[in-house]
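Geometric and topological summary
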Amino acid sequence: SASAILYVDVTQNDPPVITGLPVTVQVLENEVLERKLHDLTVTDPESDTFSCVLTTSPTGGPFDLRRDAVTLAYSVYLDNLPTLSYSTVPSYTLTVTCTDSPKGRSTSNTLQVDIQENRPPTLTNLPATGTANAMTTLKSGSIFTVTGNDLDSDTILYSMRTSPTTTSFAINQVTGEITATQDLKYELTSSFVFNVTASDSRTSTHALYALTLTNINTKPTISSLVLNGVDNLYFPELTTAAGATLYTPTIYDPDTGQTQTVTINVYPAGQTDMFTVATGNTIALAAGKSFDYETLNYYRLALYVTDTMATSGPYYLNIHVLDDPEVCKFPQNLYRYDTYEAGIGGGNIDLGFHALVEDVDNPDSLTFSLVTTTNSNLFNISKTTGVITYAVDYDIDKTHPQNLSIIVKCTDTFGETGTATVSLYIKDVNDNEPDFTSSGYVVVVSQYTQPGALIGRVTANDIDQNENAEVEYDGSSATGSQYYKVMKNGQIYLTREINFEYGMTHRVYVTAVDHGSPQLTGTSYVDIVYRETSTTSTTTAASTYQDWWSKPENVAMVAILSILGLLLLALLAYLIYRCCLGRSCSMPNCDCCKRKPPNSLRKLKNPGPEKFKLWDANDLNKKRDPYSTATLEEGLPETMKM
């Protein structure tokens, strides 16, 4: 036998080989269509079968690995509508892994995909300005063509916004040509700004084109009427003849060589044949037509004016048909109204005349006035509303009457008038305070005045009327309230036995309150003096108190007496001079006038002035209050000395 050795070398299985990687490719940010990015060359050293897969970083990238069914070659594709964003993911790393079979040996390599940021399109001939002749630029006429460029070779689409807004212009979104959508003679605005936008579907660019229209048309207007306003016209039914001109509008149009035409729409419907636009654009009553108040007394005409290129309107005319002229009429001949006294512009006497007074001819053109009478100057009346107000500060407490009548007159556009009498009763307003006759009073009581005795009374006058003039009194005193009581009728009573010294004075503050609303108050005071007297008579009335020097007559009396005193002193001095120093004497008992012996002097004895005793024979020298007196008091009490 023979033997031999067979050596078998086992070699390692190698993974597939990917050639041509790594590599970097560029993808535009705004790409939207599917396309092949790169072909892969994959082989296996042992010719094993293999398969490849693709992963992306970041994950979920819009890429796909596909194998050709015929050549079995692998290629990397960009997905359709990939929605790439440079600002979010500027680059993707694609990893290709190929694995053989059955050993499962694998190999990997990468493909770098860089996203190129989209560049916006540019407008190469904007901003710009231009002009166009409005009268010669027709519909579809070219105004301007916008040009643009896109470095990414993207398709550019154009759009624009117009200021002020108008439909007279449009832009072709592909070519960028701006054209007129109507004859520009109908356009009334002279300046426009087009904000043009160039877009590549991802980014856009804006620029302005300013257009000035020359020779533009001006819209005619009816200058004698207000646009959308209403004017009222009045025509009597019997005297307005067929064909009569009712209104001639004044038309304004600064353009030359154009003809303006007025057209009208008539309300109510079916009355269009009542009116016509005559020569000169005048509005006239149609031939063979006449007004009939009883059938229809109101028409509304809407006027429009055009120069064939522009129209303005509506301007409204209200045509009122008047019945035969009649006087305005008050529903009543006599009206009665009560109101309160008030200042100028007050009273507000509204009898509704503006709504009540009838005038079928022209109810909207009545004016009101007052017929001149004795008291008409005390009032004003609104010409339009008929509301009557005071023309003076009306006060029945003084000079103005409480009951009176005035005559109101209405006047229409034809001068026809009607009258009605308004009888007024003016009520009192509590506007005057109770007024004491003096700011202060004096009452004297003595040791004989008994508790419960009426010692005085105060009175305040209120020139208001009725309850506004009714007055109640009250009083208070810091020291004398326990002795004296002021009653509601103003009477003052001593309420308890006097136990204080002579000369004591209590001041009682007195208030007078009326019964009006709001209540008004007057104030005064009473000084009650306790004096000793030798008679049992008591004082029963309050005397007014005023400072002695506050009376002008007292001051005048003192001045006169002072002058007389000075004159008497001067006369006395003169007489002494004549008697003692003169050379003659007419008085027989005047020793100083006797002739004196020559060369001899005689010294007269001066007995000296008689002593004056202040308290002698003075009945006030008693131990009591300085107000005490020993004389009998009769009649009214003495005024208290201040």
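If you're wondering where the values come from, they're calculated on a predicted model, not measured in any experiment.

Calculation criteria
- Residues numbered from 1 in each chain as written.
- Predicted model: local features only at pLDDT ≥ 70, side-chain atom pairs only at ≥ 80, totals over all residues.
- Heavy atoms only, no water.
- Phe/Tyr/Trp six-rings, centres within 6.5 Å; stacked < 30°, edge-to-face > 60°.
- Helix = DSSP H or I, 4+ residues; strand = E, 2+ residues; numbered from the N terminus.
- Buried < 20%, exposed > 50% of the residue type's maximum accessible area, 1.4 Å probe, protein only.
- Lys NZ or Arg CZ within 6 Å of the ring centre and 35° of its normal.
- pLDDT = per-residue confidence, 0-100.
- Contact = heavy atoms within 4.5 Å.
- Disulfide = S-S within 2.5 Å.

Here we look at the packing of aromatic side chains
Scanning the entire structure with this criterion turns up 22 aromatic pairs. With centroids separated by 6.1 Å and ring planes inclined at 15°, the aromatic side chains of Phe194 and Tyr209 adopt a geometry described as stacked. Residue Phe194 is located in strand β16 (residues 191-199), and its partner Tyr209 is located in strand β17 (residues 204-214); the two are separated by 15 residues in the primary sequence. Taking relative accessible area as the criterion, Tyr209 reaches 2% and is therefore assigned buried. An angle of 85° between the planes, with centres 5.1 Å apart, marks the rings of Tyr483 and Phe500 as edge-to-face. Of this pair, Tyr483 sits in the loop between β37 (471-476) and β38 (484-486) while Phe500 sits in the loop between β39 (491-494) and β40 (505-514); the two residues are 17 residues apart in sequence, bridging distant segments of the chain. Phe500 shares its class with Tyr483; the two are buried. Pairwise contacts between aromatic rings join Phe144, Phe169, Phe192, Phe194 and Tyr209 into one cluster. Over the aromatic face of Phe50 sits the side chain of Arg67, whose NZ or CZ is 5.3 Å from the ring centroid.

Considering the confidence of the model for the protein chain
Residues of the protein chain with pLDDT of at least 70 account for 86%, and the chain-wide mean is 84. Throughout residues 597-642 the model reports pLDDT below 50, and contacts reaching past four residues in sequence, or to other chains, amount to 49 contacts.

A look at the state of the cysteines
Summed over all chains, the structure comprises one disulfide. Here Cys52 is linked by a disulfide to Cys98, with a sulfur-sulfur distance of 1.9 Å. On the sign convention where negative means left-handed, the S-S torsion of about 105° between Cys52 and Cys98 marks this disulfide as right-handed. Pair noted here: Cys52 is in strand β4 (residues 49-57) and Cys98 is in strand β7 (residues 91-101), with a separation of 46 residues, a long-range link.

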